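Observations on the three-dimensional arrangement
As a plain string of letters, each chain reads:
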Amino acid sequence: MNNRLKDLRAERGWSQAFLAEKLEVSRQSVNAIETGRYDPSLPLAFKIAKLFGMPIEAIFREE
Amino acid sequence: MLRWWMGRCSATPAAKRYQRSVVQFLVAYAVVLLCASWFVKHDGHERFFLYFWSVIPAVPIIGIIVRMGRYLSEETDEFLKLQKMHALLVGLGALLGALVVDDFLRAFAHAQGFGPFVLFTIFAVANGLAQLVQYLMNRTQSDE
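As the structure is a computational prediction, the values presented were derived from the model and not from experiment. (Residues numbered from 1 in each chain as written. Chains lettered and ligands numbered in written order. Predicted model: local features only at pLDDT ≥ 70, side-chain atom pairs only at ≥ 80, totals over all residues. Heavy atoms only, no water.)

Some points on the pattern of salt bridges
Scanning all chains against the criterion turns up 7 salt bridges over all chains. Among the ionic pairs, A:E34 bridges to A:R9, the shortest N-O distance being 2.4 Å. Of this pair, A:E34 sits in helix α3 (residues 27-34) while A:R9 sits in helix α1 (residues 5-12), and the two are 25 residues apart along the sequence. For A:R9, a relative accessible area of 6% puts it in the buried group. Two residues, B:E74 and B:R70, come together in a salt bridge whose shortest N-O distance is 3.1 Å. Remark: B:R70 and B:E74 occur in helix α4 (residues 58-74); sequence separation between them is 4 residues, near one turn of the helix. Assessed through its relative accessible area of 24%, B:E74 is described here as partly exposed. Under the relative-accessibility criterion, B:R70 is labelled partly exposed at 45%. (Salt bridge = Lys/Arg side-chain N within 4 Å of Asp/Glu carboxyl O. Helix = DSSP H or I, 4+ residues; strand = E, 2+ residues; numbered from the N terminus. Buried < 20%, exposed > 50% of the residue type's maximum accessible area, 1.4 Å probe, protein only.)

Structural notes on the layout of surface pockets
Residues and elements named next belong to chain B. Considering only enclosed or pocket space, the second largest pocket measures out at about 350 Å³ in volume. Lining the second largest pocket are Y29, L33, W53, S54, P57, A58, I61, I62, I65, F117, F120 and T121. Breaking the lining of the second largest pocket down by element, the ones donating at least two residues are α2 (13-43), α3 (47-55), α4 and α6 (118-140). If one sorts the elements of the lining of the second largest pocket by residue count, α4 sits on top with 4 residues. By residue class, the composition of the lining of the second largest pocket is 10 nonpolar, 2 polar and no charged. Here the lining of the second largest pocket gathers at least three residues from each of two domains, domain 1 (1-76) and domain 2 (77-144). (1 Å grid on protein atoms, 1.4 Å probe; cavity = no way out; pocket = protein on both sides within 12 Å on 5 of 7 lines; lining within 4 Å. Points joined across faces, edges and corners; volume = space filled by probe spheres on them. Nonpolar A, V, L, I, M, F, W, Y, C, P; charged D, E, K, R; others polar. Domains from an automatic or database assignment.)

Structure (structure tokens):
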């Protein structure tokens, strides 16, 4: 699955650590999602979408 | 050094609690192992005490295994939980592989098989290596 998490984070000038804190996950998790090594669960994907104020499909896309 | 490693590995509260418990269990293991070795050497002639001191050092190790299970149920970070489970599976895979080889060596070649503590060491080394690879991969793929 592809995602725009890194771009969206960069647009807001957030660090991985800051985003991780907002999502209540570890920085390693944010990094793994951004680099495509890990696809988040549905609850975490919803949390990410809510944080950025976008629908899930605008952030995560099928490869 | 230990503090640095614990800080680098993970920062979740569940992981910190788990790491603290593991250190406590390892200290207990070292103390119990020393006591057991001393008693077996100096006062280990009675059968009951031989069995007692043989089983006692396993208790802290079993404690670590139980604590590992508790950590997995407490960990709320799904990625770290998945990584921990992967590392455990690598360790268990190595352990079961070695166990099968050991069984066939005993059954067919009537060999003595692996010595004491070898199998658990295989599990611990494989599990540790898997965690090291994960740590290095997390580091190399990090862009910050």
